[in-house]
Structure formats: structure tokens, C-alpha cells
Amino acid sequence: AVFSVMFIGACGKSKVDKKEVIEKFIAASESMKSGDMLINVKMAQNLDGNKTNMDMTIDASIIQEPLAMKMEIGIPSQNVKMKTFIKDNIMYIQNPADNQWYKQTLSDEIANQFKSYMNNSNEFYNAMRNNLDKIDIDEKDGSYIISISKDSDFLEEAMKSQLANSNATVGQIGNDVKIENIVVKYIVDKNTYLTSSSTVSFDFEMQGMKISMEMDAKMSNINNVTAIDIPEEVLNAKEIPHQ
């Protein structure tokens, strides 16, 4: 019975045209212009034997062009919630200590970081295109499950680029970052090829600090978020001049 199941599974996989699925998945991903995201992040940090764990949630709605966003970051262990809005090239941030709102003109660098939440980098997609043999694709409940779990070294440079786009600190350190043990999984709708959820985990080492990270994201309302409304109290935020 076990061998039968394995045989049927192997036959099922052989019917999937990997190149076609990956190309349509990338095209659909690049077409995402707005959406709601709920991301759970688990991070374990080790610096000189001192280990700390941190869980974080990111609840966001994003419109890419022109960039508009509302986001709430929660850190349950510290009982912290940080709210941010972006609209009309202005970023509004709430200080979690006193709930006071502050605003500042949005820089291009920060804008690109937030936009990268919606899409992977071109390097990441090209790495997938060029390594189809290292990608597994299954079908289940009307979805494709695209996964990369072994022989994922080809994603290391692409992941560095992705991190650099979303984190200025990593971008400045550049080649001093070591990334390994990358595991990626996307659940993709078979009709639209849009991602409904994804899981990415990896280990990276930077300036003697070792960090293991896992991000679980759920996407909804893709290309259907048409407006971000900002409350009056937020619009009246205190202005912070650029340094």
C-alpha cells in the first residue's frame, strides 16, 4: 500500500509542467499591486551564547502605486503594538510609549522597503527560473504547493538581495551576511496563480550574531485594496524634520 501511494504521488507530480507553473506564478506575483497581509515572524537570536527568542506579528494593507499603507506590528512578549500609516509621501508613526503620532516625509529607500513586502526581488524569481530541478510542485485542494527545501543554496544570493531591499542594516553589511538552510513554501491558487500563503525560514549570521527566522504570511484581497483611510488624529501628527 505504501509503495502504491508513493507511485501514485510520483505520477501525480509528473503531470505538472514546472516551467509553466513557475512562470505563471512569477507573473501573478509581479502583478500584485495591492493586498492585505498577516505575517507571523518567529526569530531566535544567539550572540556569544546568549539566546533570545522573539515573536512578532505584522498586519498590513498595502497599495504599491502610489504607495499607501497601514500597518500594525505587535510584539506580544513586550506587550508592544506599533502602528504606521503611509499616504501622499508622508509616513505617520505612533510612539507605543505614549501613543503620540509623529509624521515625516517618506524617503525613497523606506518606500522601497515597504514595497518589497508585496513582491520578491527579481533575483529571487530568476533563481527559481534557473533551478526548476530543485523545486517541488504538488497539487492539493485546488492549489499548487511550490516548495524548496533541499539543495536550496541557489537561493542564498537572492535572499541576500531580498533582505537588503527590506532592511537597510543588512544592505550596508552586504557580503558579511551568511545565509543557509533556506526552506520556502508557497500555496498558490491553481486558477489565478496568486499566492494565498507562504512560509520562508532560514538561518543567517551577521557580525558574530546567529539568527534563525521563520515567516508565515497569509495574503488576501489581492489587487482589491483600493484606498487607505487615515484617521484625523493621525493626520494631526507632530512633524519630525529629516536629520
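Since this is a predicted model, take the numbers as computed values, not measurements.

It is worth spelling out the overall build of the protein chain at this point. Within the protein chain one finds 7 helices and 12 strands. In the protein chain, buried positions account for 41% of the 243 residues. Only carbon and sulfur atoms are counted for the fraction: they give 48% of the accessible area of the protein chain, which is about 14,100 Å².

This part is about the pairing of strand S9 (residues 178–189). As paired elements, strand S8 (residues 143–148) and S9 share 6 bridges and run antiparallel to each other. Following the sheet pairing, Tyr144 is matched in S9 by Val188. Inspection of the sheet shows S9 paired to strand S10 (residues 195–206) by 9 bridges, in the antiparallel sense. Residue pairing for S10: Val184 is matched across the bridge by Val200. Remark: 5 residues form the turn of the hairpin made by S9 and S10, two consecutive strands paired antiparallel; Tyr193 in that turn has positive phi of roughly 65°.

We now examine the side chain of Ser61. Here Ser61 is to be found in strand S2 (residues 50–63). A polar side-chain atom of Ser61 sits 2.6 Å from a polar atom in the side chain of Asp36. Setting aside residues up to four positions removed in sequence, Ser61 forms contacts with Gly35, Asp36, Ala68, Met69, Lys70 and Ile228.

For the rest of this paragraph, the subject is the environment of Lys19. By secondary structure assignment, the location of Lys19 is in helix H2 (residues 18–30). Of the residues examined, Lys19 reaches a relative accessible area of 53% and is grouped as exposed. C-alpha of Lys19 to C-alpha of Met128: the two residues are 109 residues apart in sequence and 9.7 Å apart in space.

Attention shifts here to the confidence of the model for the protein chain. Across the protein chain, pLDDT averages 85, with 88% of residues at or above 70. Low confidence marks residues 10–14, where pLDDT is under 50. Its contacts with residues over four positions away, or in another chain, come to 3 contacts.

Next up on the list: a negative patch on the surface. Together, Asp133, Asp151, Asp153 and Glu180 line one region of the surface with negative charge. When you line up the elements, Glu180 lands in strand S9. Given a relative accessible area of 33%, Glu180 falls into the partly exposed group.

Another aspect to go through is the nonpolar core. Met128 and Ile146 are the most contacted members of the largest nonpolar core, which has 58 residues in total. Core analysis: the next-biggest nonpolar cluster, separate from the first, contains 10 residues, Ile63, Phe85, Ile228 and Ile230 among them.

An order of S7-S8-S9-S10-S11-S1-S2-S3-S4-S5-S6-S12 is seen for the 12 strands of this open sheet, with the pairing classed as mixed. Looking at the sheet topology across the chains shown, the edges are occupied by strand S7 (136–140) and strand S12 (238–239). Here 10 bridges tie S10 to strand S11 (residues 209–220), and the two strands are oriented antiparallel to one another. Bridge pairing in S11 places Glu205 opposite Lys210.

Cut-off values and rules
Residues numbered from 1 in each chain as written. Predicted model: local features only at pLDDT ≥ 70, side-chain atom pairs only at ≥ 80, totals over all residues. Heavy atoms only, no water. Helix = DSSP H or I, 4+ residues; strand = E, 2+ residues; numbered from the N terminus. Buried < 20%, exposed > 50% of the residue type's maximum accessible area, 1.4 Å probe, protein only. Areas by Shrake-Rupley, 256 points an atom, 1.4 Å probe, with all protein chains shown as cover. Pairing = 2+ DSSP bridges. Polar contact = N/O pair within 3.5 Å; in protein donor to acceptor, adjacent residues only side chain to side chain. Contact = heavy atoms within 4.5 Å. pLDDT = per-residue confidence, 0-100. Patch = residues over 30% accessible without salt bridge, like charges linked within 9 Å, V, L, I, M, F, W, Y side chains within 5 Å. Salt bridge = Lys/Arg side-chain N within 4 Å of Asp/Glu carboxyl O. Lys, Arg positive; Asp, Glu negative; His and termini not counted. Charge placed at Lys NZ, Arg CZ, Asp CG, Glu CD. Core = buried A, V, L, I, M, F, W, Y, C linked by side-chain atoms within 4.5 Å.

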